[in-house]
Amino acid sequence: MESLTVALLHNVSRLVRVGIFPHFIFDGMLPSHKIEERKSRLTEKVSRIRSVMDDILLTSRDPSDLARHGSANLLPPLAMPACIHALRKAGHRVFVNPDGEADVELARLAHASDAPILSLDSDYFVYVTGREQGEGLGGGYMPYTSLRWRGDELHADLYKRANVADAMGLNQRLLPALAALVGCDYITHATRTYASQLEVLSPKLKGASRIQKVLAALRSQNTVGCPFEAVDAVLEPLKNCEQKRALRTALRAGADLTGNLPFPLLHRWLTLFSLDAALTHYMPCDELDDAPSPSPQPPRILDLFRQGRYDHRLTEIATQRTMWCSPFVEDLTRGSAWETSRGLRRWVYAITLWSCAPQDIAATWGTLPVDPKMSDDWHAGTLRMKEHLRRADRLVQENVDPVPYKDLARMVSKSDTLPSVLTLTTAERKAVRSRILDLDNPAAVKASRTEFTPLIASTRYLIRDLFARDRPIANHEVVAILCAGVLALLNLSSDSLSSTTTTTTDLVPSVVPRRATRSSLHRMAQLETVLYAYLSLSHSLLLATDDPEDEEDPSSTWRCIDGIEFHRCMEMAKGGASPERILGSVPDALEAYRMAWEAATWEVEDEMDLVIRYEKVAMEETRPVTAVSKVGGRTRRRKATATGAVGKGVGGSKKMSAPPVVSGTNFFDLLGTGCQF
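Predicted model only: the values in this text are computed from it and were never measured. (Residues numbered from 1 in each chain as written. Predicted model: local features only at pLDDT ≥ 70, side-chain atom pairs only at ≥ 80, totals over all residues. Heavy atoms only, no water.)

Q: Explain the overall build of the protein chain to me, and be specific about the residues and the numbers.
A: Looking only at helices and strands, the protein chain has 31 helices and 11 strands in total. Summing over all exposed atoms, the protein chain offers an accessible surface of approximately 29100 Å²; the carbon and sulfur share of this is 51%. (Helix = DSSP H or I, 4+ residues; strand = E, 2+ residues; numbered from the N terminus. Areas by Shrake-Rupley, 256 points an atom, 1.4 Å probe, with all protein chains shown as cover.)

Below is the structure:
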């Protein structure tokens, strides 16, 4: 993920150098009216995975090709937290809109700052974003795709709302009516269906023809100037049919609901299924209610969420009982990589529910629309979380039970009742996390370098989960995961060491071109979902939030994955190379690796599939070794090659010594692609 964040900051710094100081606004939880659209988009991603996987395997020696072939559109789950964290650490202003999508908040900020919006969303042709006249940029919309660098000069296309309306011969105040009638993100499929069955919006008309038809109808209302009245006038002369009545009902549906909502400030988001709400969405900011001023002591979770320090998926768990397991690059012939981390997510669900206790909601979630019945359903054992994830080449919904209330209570307080999550100290919350992750063993406790904790915890979880499902991970894969992780965390790479080491060669890790395989790509995807679950678990316990009090750097969760080194280490380990040979003899890396190995494999060595047995041999000597392991009642016998490792095989001590380690990041230049594989 490091290459992605470096590329992001590099491009942002170029904007700053030419006098553009961006503010970053991110989407929050998914609005309910966009659930079907998200399902459609995720299904499209599933269908794209196969071709992207083929591209990766065909161009494995040229990572820059991978971005051009679409893998940048299949971002792994840690990509967004990594980018937000990098922007915050670099001093840029970051805000996550708690009310849902960032559109309205972006328009508000642009309007207040008299600045243009840099995005890739045609909705901003319609929004009022600043002054339309005078010198300087003012408001307007700049599509990302229009940015062009010519030396140190930046050129871009700037679209002003008034100019867009003039080009279409339309009163600019009627642009919201055009967006609502043509079809936008803020009306449901049912409302669009009603509209498309009317004569003015024939279902046979699509694209430019549809827009021209609506424009012709709206131009006759240019003197009206009010989008609500214009839409009424367009519908009035149509034949009095059932579709017309249904559409007119939908048009004003929002106005009938807003008076009974418990959170009036969210009424636009809760009633966006209507055309009326779609029109309101695009209205100029000074014609809408002003946003409330923040309270002196904002609710804890809401405050973290706004700052980008709390995972947005947790808010969807608390408000919609939903978890979106977005598809990314993995092997479609195997089970979903997200399935591996489900056991850990069950704990995440339970702890999130713990923070939703009725007496704590005001102090934790504030005005976010938390489902007040969830806590009671959880206590009763009837609550189910809806997980959306890939099965084969389809997106499906599955019901998942959170960890029961009493099980979490015993884990936290060794009783049948839970205290308020806000009353626990940082040390107590860390202790809960360690018990859940089985990191209270002597080796893990002895591991003093906290930046390695996510890597250790996720590797240990992966060993235990795959063994429990009778799909044990091979011991050489664990060697590779830890080797690659340590190198990435130490910011070392075979390339960087090769270029700086001139007096000795035995310190340099073996430089083997990485060749991604379906197996290594899928294993990395599994590891990423576990690391993401680790981050979600930490956030649910109000840890790893960049709070100076807990002294945890959340970036270690994603910095331990470097795709280039991961595949290089996997290939070498599969060929029988020992950790010393993979990593060289860098003392710091070797020491960190041994520490990580001991903590990750403590008393679970026999839950790995022993494929390669490491023995003491001469450093340059290689000889085949037969390794036999029993897994799930089956006996496996395999040939393998082992080099310069220390340990005992089957029939010896259960405890395997840690194969040595060295370091690595990227030895291909990925800064221009912004991709991680």
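Q: Break down the packing of aromatic side chains for me, with residues and values.
A: Within the structure shown, the criterion is met by eight aromatic pairs. With a centroid separation of 6.3 Å and 85° between ring planes, the pair formed by Phe328 and Trp338 is classed as edge-to-face. Here Phe328 is found in the loop between strand S7 (322-324) and helix H17 (337-340), whereas its partner Trp338 is found in helix H17, with 10 residues between them in sequence. Exposure remark for Phe328: the relative accessible area of 2% places this residue in the buried category. For Trp338, a relative accessible area of 1% puts it in the buried group. Plain terms: the ring middles of Trp338 and Tyr532 are 5.9 Å apart, the flat faces sit at 80° to each other, and that makes the pair edge-to-face. (Phe/Tyr/Trp six-rings, centres within 6.5 Å; stacked < 30°, edge-to-face > 60°. Buried < 20%, exposed > 50% of the residue type's maximum accessible area, 1.4 Å probe, protein only.)

Q: Tell me what's going on with the environment of Leu42, and back it up with residues and numbers.
A: Take Leu42: it is sitting in helix H2 (residues 35-58). Residue class for Leu42 comes out buried when judged on its relative accessible area of 5%. Note: C-alpha distance between Leu42 and Leu389 (347 residues apart in sequence) is 8.9 Å. Residues within four places of Leu42 in sequence aside, it is in contact with Trp324, Ser326, Pro327 and Leu395. (Contact = heavy atoms within 4.5 Å.)

Q: Tell me about the side chain of Ser119, residues and numbers included.
A: Inspection of the secondary structure puts Ser119 in strand S3 (residues 117-119). What makes Ser119 buried here is its relative accessible area of 13%. Apart from the residues within four sequence positions on either side, Ser119 is in contact with Tyr124, Tyr141, Met142, Pro143 and Tyr144.

Q: Pulling in residues and values, what's your account of the nonpolar core?
A: Membership of the largest hydrophobic core comes to 122 residues, with the highest contact counts inside it found for Trp354, Trp365, Trp378, Leu408, Phe452, Leu537 and Ile582. In contact with Trp365, other than residues within four places in its own chain, are Pro299, Ile301, Leu302, Tyr310, Leu314, Thr315, Ala318, Thr352, Ser355, Cys356 and Val370. Core analysis: the second largest hydrophobic core is formed by 16 residues, Ala165, Leu174, Leu218 and Val234 among them. (Core = buried A, V, L, I, M, F, W, Y, C linked by side-chain atoms within 4.5 Å.)

Q: Mind laying out the side chain of Thr5, listing which residues take part and the relevant values?
A: With respect to the helices and strands, Thr5 occurs in helix H1 (residues 2-17). Not counting residues within four places of it along the chain, the set of residues in contact with Thr5 comprises Ala82, Cys83 and Ala86.

Q: Now, about the confidence of the model for the protein chain: what can you tell me, with residues and values included?
A: Looking at the protein chain, pLDDT values average 76 and 71% of them are 70 or higher. Looking across the protein chain, the model is least confident in helix H13 (residues 267-270), with a mean pLDDT of 30, and most confident in helix H18 (residues 342-354), with 97. For residues 285-294, every residue scores under 50 in pLDDT, and the model assigns this stretch 14 contacts once sequence neighbours within four places are set aside. Here residues 496-508 is modelled with pLDDT under 50, and outside its nearest four sequence neighbours on either side it reaches 18 contacts, counting other chains as well. (pLDDT = per-residue confidence, 0-100.)

Q: Tell me what's going on with the pairing of strand S9 (residues 394-400), and back it up with residues and numbers.
A: Bridge count for strand S8 (residues 385-391) against S9 is seven bridges, and the pairing is antiparallel. Among the inter-strand pairings, Leu389 is bridged to a residue of S9, identified as Val396. (Pairing = 2+ DSSP bridges.)

Q: Would you mind going over helix H22 (residues 426-436) in detail, with residue names and values included?
A: Within the span of H22, buried status applies to Thr426, Arg429, Val432, Arg433 and Ile436. For H22, the buried positions fall inside an angular range of 120° around the axis, keeping them on one side. Against H18, helix H21 (405-413) and helix H27 (518-540) lie the buried residues of H22. Following H22 by one or two positions, Asp438 adopts a phi angle in the positive range, close to 60°. (Arc of directions from axis to C-beta.)

Q: Give a detailed account of the sheet that holds S7, specifying residues and quantitative values.
A: Reading across the sheet, the three strands line up as S7-S8-S9 and stay open at both edges, with mixed pairing between neighbours. Two strands bound the open sheet, and with one partner strand each, they are S7 and S9. On average, each strand axis in the sheet is tilted by 30° relative to the strand beside it, whichever way the strands run. Packing of H2 onto the sheet brings it into contact with S7, S8 and S9, and relative to S9 it is tilted by some 120°. Docked against the sheet, H18 engages S7, S8 and S9, running at close to 155° with respect to S8. (Axes fitted to C-alpha atoms, helices over the stretch in contact; angles between N-to-C directions.)

Q: Just give me the short version of helix H10 (residues 227-235), but keep the residues and values in it.
A: Burial in H10 covers these residues: Pro227, Phe228, Ala230, Val231, Val234 and Leu235. Seen end-on, H10 carries its buried residues on one side only, within an arc spanning 165°.

Q: How would you explain the pattern of salt bridges if you had to name every residue and give the values?
A: Across all of its chains, the model carries 31 salt bridges by this definition. Lys89 is the partner of Asp546 in a salt bridge, and the nearest nitrogen-oxygen pair spans 3.9 Å. Placement of the pair is Asp546 in the loop between H27 and helix H28 (556-559) and Lys89 in helix H4 (residues 79-89), with a sequence separation of 457 residues. One continuous salt-bridge network, built from bridges that share partners, spans Glu339, Arg342, Arg345, Glu387, Arg391 and Glu398. (Salt bridge = Lys/Arg side-chain N within 4 Å of Asp/Glu carboxyl O.)

Q: Tell me about the pairing of strand S2 (residues 93-96), residues and numbers included.
A: By the alternation rule, side chains of S2 split into Val94 and Val96, which are all buried, and Arg93 and Phe95, of which none is buried. Across four bridges, the pairing between strand S1 (residues 23-26) and S2 is parallel. Note that in S2 the partner of His23 across the bridge is Arg93.

Q: Hey, could you go over the packing of H18 against H21 for me, with residue numbers and the actual values?
A: At a minimum axis separation of 10 Å, H18 and H21 run at an interaxial angle of 80°. Between H18 and H21, the angle is such that the two are roughly perpendicular. Residues Trp347, Ala350, Ile351 and Trp354 of H18 pack against Asp407, Leu408, Met411 and Val412 of H21. (Parallel < 35°, antiparallel > 145°, perpendicular 65-115°, else oblique.)

Q: Tell me about unusual backbone geometry, and please be specific about residues and values.
A: Phi is positive for Leu542, close to 60°, though the residue is something other than glycine. By relative accessible area, which is 6% here, Leu542 ends up buried. Phi angles above zero are rare outside glycine, and Ala544 is one such case at about 55°. Structurally, Ala544 is set in the loop between H27 and H28.

Q: For the environment of Leu482, give the residues involved together with the corresponding values.
A: Summarising the element assignment, Leu482 is placed in helix H25 (residues 475-489). Those residues in contact with Leu482 that sit more than four places away from it in its chain are Leu455, Thr459, Tyr593, Ala596, Trp597 and Ala600.

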